[in-house]
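What follows is each chain in one-letter form.
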Amino acid sequence: MAVESGPRAVKAADTTGVRGRGPRPGKNPGRLRRALSTHWYAWAMVAPVVVVIGVIVGYPLARGVFLSTTNANEANVERTIGVNHIPATYESVGLDNYKAILDDGVFWDRLTWTVIWTVSCVALSFAIGLVLANMLNRRLKGRSFYRMALILPWAVPAFVSVFTWRLLFNEKSGVLNKVLEGGGIDAIPWLNDPTWAKFSVIAVNVWLGVPFMLVAMLGGLQSIPGELYEAAEMDGASAWQRFRHVTLPGLRSVATTVILISAIWTFNMFPVIFLLTRGGPGDATEILVTYAYRLSFVVSPRDFAGSAAWGVLILLLLSLFAVVYRRALRKQGEVW
């Protein structure tokens, strides 16, 4: 009696299987179902974090998007005065708030200064942090002390640092102007002149941002193999050539990440602007996020819908920047 073998026999054996364990009728389980069944423990551990983030971030975000499509303000939102409860009377206005913002020159003026502020702070912080990291990556006496001293601004709360700088920038009794007067130079209106105020807020934010760049760049430098520098030196490469062809390529993955994070932080850096100048003098140093705060908490009546619309636009701008930045990195061969 001939016994059938080959692919048909294997297929038949696979379909019959062990008694009671044959293939179940219906479609194969989807990718999500297979992932849940295989990695159920990981999903269970992540679930609480997802729920907390959804409550803390998801609900306010959804609420803000909803308010941005209404005419909600201080006079028509739900509120309680004494024992009287007044229901909300605001109505949906669609995308009128966004149209009004984009048609107003105030938005474009704030956006221009916000971009200048972000690019200046990130570029200066990165350049200074990279230079200091290169210096501290070498063997020098007192290196640990210098590292601690340069990281100290990162350890001090931001509002304490800003108030300290505000005292230093005081036009009449500030230390900076006292030093200038001692050298025969007139006092500078650091926070009362639009140009000097912009210079001041950038300087303070760079002072706060350099420690982060320093730590990140120093970690990246220490991860570059020393053999690469030895090989380049044996080939006759100068110090600049070693920096250009060994150090910078070795720092690319770290630099791209910290630049993105720093840009997002700086774009929304509320404490420095608000505590140092409150957007002044006039509105010279007002960035997008401080203007959104002003609409919601300073002006009267408080414009909750307009502030929410500004917040949504800020989110869209940062998301667009992240997408474009990621695509540019992928074109350069970076995996992110």
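Residues numbered from 1 in each chain as written. Predicted model: local features only at pLDDT ≥ 70, side-chain atom pairs only at ≥ 80, totals over all residues. Heavy atoms only, no water.

We now examine the overall build of the protein. When helices and strands are tallied, the protein shows 14 helices and 2 strands. Approximately 22000 Å² of the protein is accessible, and the part contributed by carbon and sulfur atoms is 64%. (Helix = DSSP H or I, 4+ residues; strand = E, 2+ residues; numbered from the N terminus. Areas by Shrake-Rupley, 256 points an atom, 1.4 Å probe, with all protein chains shown as cover.)

Let us now look at the layout of surface pockets. The volume enclosed by the largest pocket comes to roughly 550 Å³. Along the wall of the largest pocket there are 20 residues; nearest its centre are P60, S307, A308, G311 and V312. At the level of secondary structure, the elements contributing two or more residues to the lining of the largest pocket comprise α3 (40-67), α13 (288-297) and α14 (304-331). Class assignment for the residues of the lining of the largest pocket results in 14 nonpolar, 5 polar and 1 charged. Roughly 410 Å³ of internal volume is contained in the second largest pocket. Considering the residues around the second largest pocket, the lining is formed by 13 residues, among which N134, R138, Y229, R242 and T247 are closest to the centre. Taken together, the elements giving at least two residues each to the lining of the second largest pocket come down to α10 (226-234) and α11 (239-267). For the lining of the second largest pocket, the residue count by class is 5 nonpolar, 4 polar and 4 charged. (1 Å grid on protein atoms, 1.4 Å probe; cavity = no way out; pocket = protein on both sides within 12 Å on 5 of 7 lines; lining within 4 Å. Points joined across faces, edges and corners; volume = space filled by probe spheres on them. Nonpolar A, V, L, I, M, F, W, Y, C, P; charged D, E, K, R; others polar.)

Below, the discussion takes up the pattern of salt bridges. Applying the stated criterion to the full structure yields 4 salt bridges. When the shortest N-O distance is used, the salt bridge between D283 and R110 registers 2.8 Å. Note that D283 is positioned in the loop between α12 (270-276) and α13 and R110 in helix α5 (residues 105-136), a separation of 173 residues in sequence. (Salt bridge = Lys/Arg side-chain N within 4 Å of Asp/Glu carboxyl O.)

In this section: the nonpolar core. Among the nonpolar cores identified, the biggest contains 39 residues, and W117, V204 and M217 are the most heavily contacted of them. Broken down by secondary-structure element, the contributors of at least two residues to this core are α5, α7 (158-168), α9 (194-222), α11 and α12. Considering each element in turn, this core owes the most residues, 13 residues, to α9. Not counting the four nearest positions on each side in its chain, M217 is found in contact with F126, G129, L130, A133, L251, V254, A255 and V258. Among the nonpolar cores identified, the runner-up in size contains 15 residues, and Y98, Y291, A309 and V312 belong to it. (Core = buried A, V, L, I, M, F, W, Y, C linked by side-chain atoms within 4.5 Å. Buried < 20%, exposed > 50% of the residue type's maximum accessible area, 1.4 Å probe, protein only. Contact = heavy atoms within 4.5 Å.)

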